[in-house]
Amino acid sequence: MDYLKRTWADISLDNLNHNYQQLRAKIPSGCRLLGVVKADAYGHGAVPISRHLCELGAEFLAVSNLEEAMQLRRGGIRRPILILGYTPPAYARDLVAMGLRQEVHSLEYARALHEELKGSERRLKVHIKLDTGMSRLGFFAYDHPKTVEELKEVAQMPKLLIEGIFMHFPVADSIDGADANFTHTQFERFTQMLSALKGVGIEPEIRHCCNSGATILYPEYALDMVRPGIATYGVLPSEDLRGMIDLRPVMSLRSTIFQIRDFEPNITISYGRTYTTEDPARIAVVGIGYADGFPRSLSSNVSFLLHGRRVPQVGRICMDMCMVDITRVPEAKVGDVVTVFGEDGGDSIEVTSLANRLGTIPYELMCGINKRIPRIYLNGEDETEVLQYIV
Ligand SMILES: *Cc1c(COP(=O)(O)O)cnc(C)c1O
């Protein structure tokens, strides 16, 4: 299998499997697991990741939009797929034809979808989205009798079939007392709504609310299905959950050394001349830059792994390259592999530590890994597949 060994992302299927089993172990048997593969499976490659999650036993998948769902179908993924977001009603028939599940977050939207399906043979399966406190999409669901009335109307639409009902938590990954209370209140609002709906004969088959944080912290809220995203990829949704589950990073971002030179003290390195050598220094040029999704604002503030040792990145990160002080690794040579984050031998650099330095979350960094970086799927040491976006 061939790809340019400049910069690439190793995707460990062993670690994916490990994380999947860890999450499974949290939830009751019989509870479904939905793999969240939106945003190209958080940058890990939507089709290969979906295929492996399906092989592992994920009953459902979720994406952010119709195009992501179509990509999975074209890639041969046959499992039920839920679209977490708005699809223009004009595409209602495509949703049905591809066996997709659409989330429905308002009466107006349900009516519009239904209108488009008049005269169609088949029904569109929908999952009702309740807003219990996320205040994003959804029907109001804190003691809103109006919502029950609205859902009665949806339930009677002959071209829609309510297969599921769900909600989303904004702070389920936090152990702060107020946050825990809020999460608990949300779950109560959800269950109250479920019983009010049951009272009028609406009992969706699949009730779900747990993202990664809730699956780890509140597995008792699992209901009929959980929706972990980031934990599947081996990253904690927040530091509060450290020690509560054993996750392993699925992605390791690697690059290679282009050139090595020895510099005198007092030489400035890279654009802006922001870094000056103090002592004699051996500097390597590495083939990763901000065009790869390695943010320039990390300049001179991160280390890479090289031959199992940490080496500091120095000077401004350029578009396609950056410099690393490898004085401590005298045996390093051109072509050697450096690890930007992920596992290398016994050590690892967490994507979370980079995100913390950037004032962001690992989610943003992972989905920002550029599509010019091929994803290499590894089963043990074996490369089983290469995903190249630029062909
Ligand atoms: C993204 C998303 C998830 C997964 O969230 P993680 O924090 O990655 O586990 C679950 N549910 C919904 C509605 C989402 O949008």
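The structure presented is a predicted model; accordingly, all values stated were derived computationally and were not measured.

Reading the values: rules and limits
- Residues numbered from 1 in each chain as written.
- Predicted model: local features only at pLDDT ≥ 70, side-chain atom pairs only at ≥ 80, totals over all residues.
- Heavy atoms only, no water.
- Salt bridge = Lys/Arg side-chain N within 4 Å of Asp/Glu carboxyl O.
- Helix = DSSP H or I, 4+ residues; strand = E, 2+ residues; numbered from the N terminus.
- Contact = heavy atoms within 4.5 Å.
- Core = buried A, V, L, I, M, F, W, Y, C linked by side-chain atoms within 4.5 Å.
- Buried < 20%, exposed > 50% of the residue type's maximum accessible area, 1.4 Å probe, protein only.
- Domains from an automatic or database assignment.
- UniProt positions renumbered as here; feature names shortened; annotations may be inferred.
- Phe/Tyr/Trp six-rings, centres within 6.5 Å; stacked < 30°, edge-to-face > 60°.
- Lys NZ or Arg CZ within 6 Å of the ring centre and 35° of its normal.
- Near = heavy atom within 4 Å.
- Polar contact = N/O pair within 3.5 Å; in protein donor to acceptor, adjacent residues only side chain to side chain.
- Areas by Shrake-Rupley, 256 points an atom, 1.4 Å probe, with all protein chains shown as cover.
- Nonpolar A, V, L, I, M, F, W, Y, C, P; charged D, E, K, R; others polar.

## Some remarks on the pattern of salt bridges
Next up, step 1: Across all of its chains, the model carries 22 salt bridges by this definition.
Next up, step 2: Asp224 is the salt-bridge partner of Arg207, the closest N and O atoms lying 2.6 Å from each other. Taken as a pair, Arg207 in strand E9 (residues 206-210) and Asp224 in the loop between helix H9 (212-217) and strand E10 (225-226) lie far apart in primary sequence, 17 residues in all.
Next up, step 3: Salt bridges here are not isolated pairs; linked through shared partners, they connect Arg6, Asp292, Asp320 and Arg372.

## What to know about the environment of Val286
Next up, step 1: Note on placement: Val286 falls in strand E14 (residues 281-286).
Next up, step 2: Along the chain, Val286 and Tyr389 lie 103 residues apart, while their C-alpha atoms are 22 Å from each other.
Next up, step 3: When residues no more than four places from it in sequence are discounted, the contact partners of Val286 are Ser255, Thr256, Ile257, Phe304, Asp320, Met321, Cys322, Val324 and Val338.

## A word on the nonpolar core
Next up, step 1: Counting 114 residues, the largest nonpolar core has Ile128, Phe304 and Phe341 as the members making the most contacts within it.
Next up, step 2: The residues that make up this core include at least three from each of domain 1 (31-234) and domain 2 (251-387).
Next up, step 3: The contacts of Phe341, once residues within four sequence positions are left out, are Met251, Ser252, Leu253, Ile349, Val351, Leu354, Leu365 and Ile369.
Next up, step 4: Core analysis: the next-biggest nonpolar cluster, separate from the first, contains seven residues, Ile269, Ala281, Ile283 and Met323 among them.

## A few points about the UniProt feature "active site" (unreviewed entry) in the chain
Next up, step 1: Here, UniProt's "active site" (unreviewed entry) annotation points to Lys38 and Tyr271. In sequence the annotated residues extend across 234 residues, and in space they extend as well, their farthest C-alpha pair lying 35.8 Å apart.
Next up, step 2: Considering the arrangement of structural elements, one finds Lys38 in helix H2 (residues 38-43).
Next up, step 3: When near neighbours in sequence (up to four residues on either side) are disregarded, Lys38 contacts Ala62, Val63, Ser64 and Glu68.
Next up, step 4: When its relative accessible area of 58% is taken as the criterion, Tyr271 is described as exposed.

## As for the side chain of His44
Next up, step 1: Tracing the chain through its elements places His44 in the loop between H2 and helix H3 (46-56).
Next up, step 2: The residues touching His44, leaving out its near neighbours within four places in the chain, are Ile11, Ile49, Tyr233, Val250, Met251, Met366, Arg375 and Tyr377.

## Points about the packing of aromatic side chains
Next up, step 1: Tallied over the entire structure, the rule returns nine aromatic pairs.
Next up, step 2: Ring centres of Tyr42 and Tyr233 lie 4.9 Å apart, and the angle between their planes is 35°; this geometry places the pair in the tilted category. One end of the pair, Tyr42, is in helix H2; the other, Tyr233, is in the loop between E10 and strand E11 (251-263), with 191 residues separating them in the sequence.
Next up, step 3: Aromatic rings pair up to connect Phe169, Phe187, Tyr218 and Tyr221 into one cluster.
Next up, step 4: Over the aromatic face of Tyr3 sits the side chain of Lys5, whose NZ or CZ is 4.2 Å from the ring centroid.
Next up, step 5: The side chain of Arg189 reaches across the aromatic face of Tyr142, ending 4.3 Å from its centre.

## Some remarks on the site of the ligand
Next up, step 1: In the vicinity of the ligand lie 13 residues, with Lys38, Tyr42, Ser212, Ile230 and Tyr363 positioned nearest.
Next up, step 2: Between an oxygen atom of the ligand and a side-chain N or O atom of Ser212, the distance comes to 2.5 Å.
Next up, step 3: Between a nitrogen atom of the ligand and a side-chain N or O atom of Arg227, the distance comes to 2.9 Å.
Next up, step 4: For the ligand, whose accessible area on its own is 380 Å², the fraction buried by protein is 92%.
Next up, step 5: Each residue belonging to the shell around the ligand can be placed in one class, and the counts come to six nonpolar, four polar and three charged.

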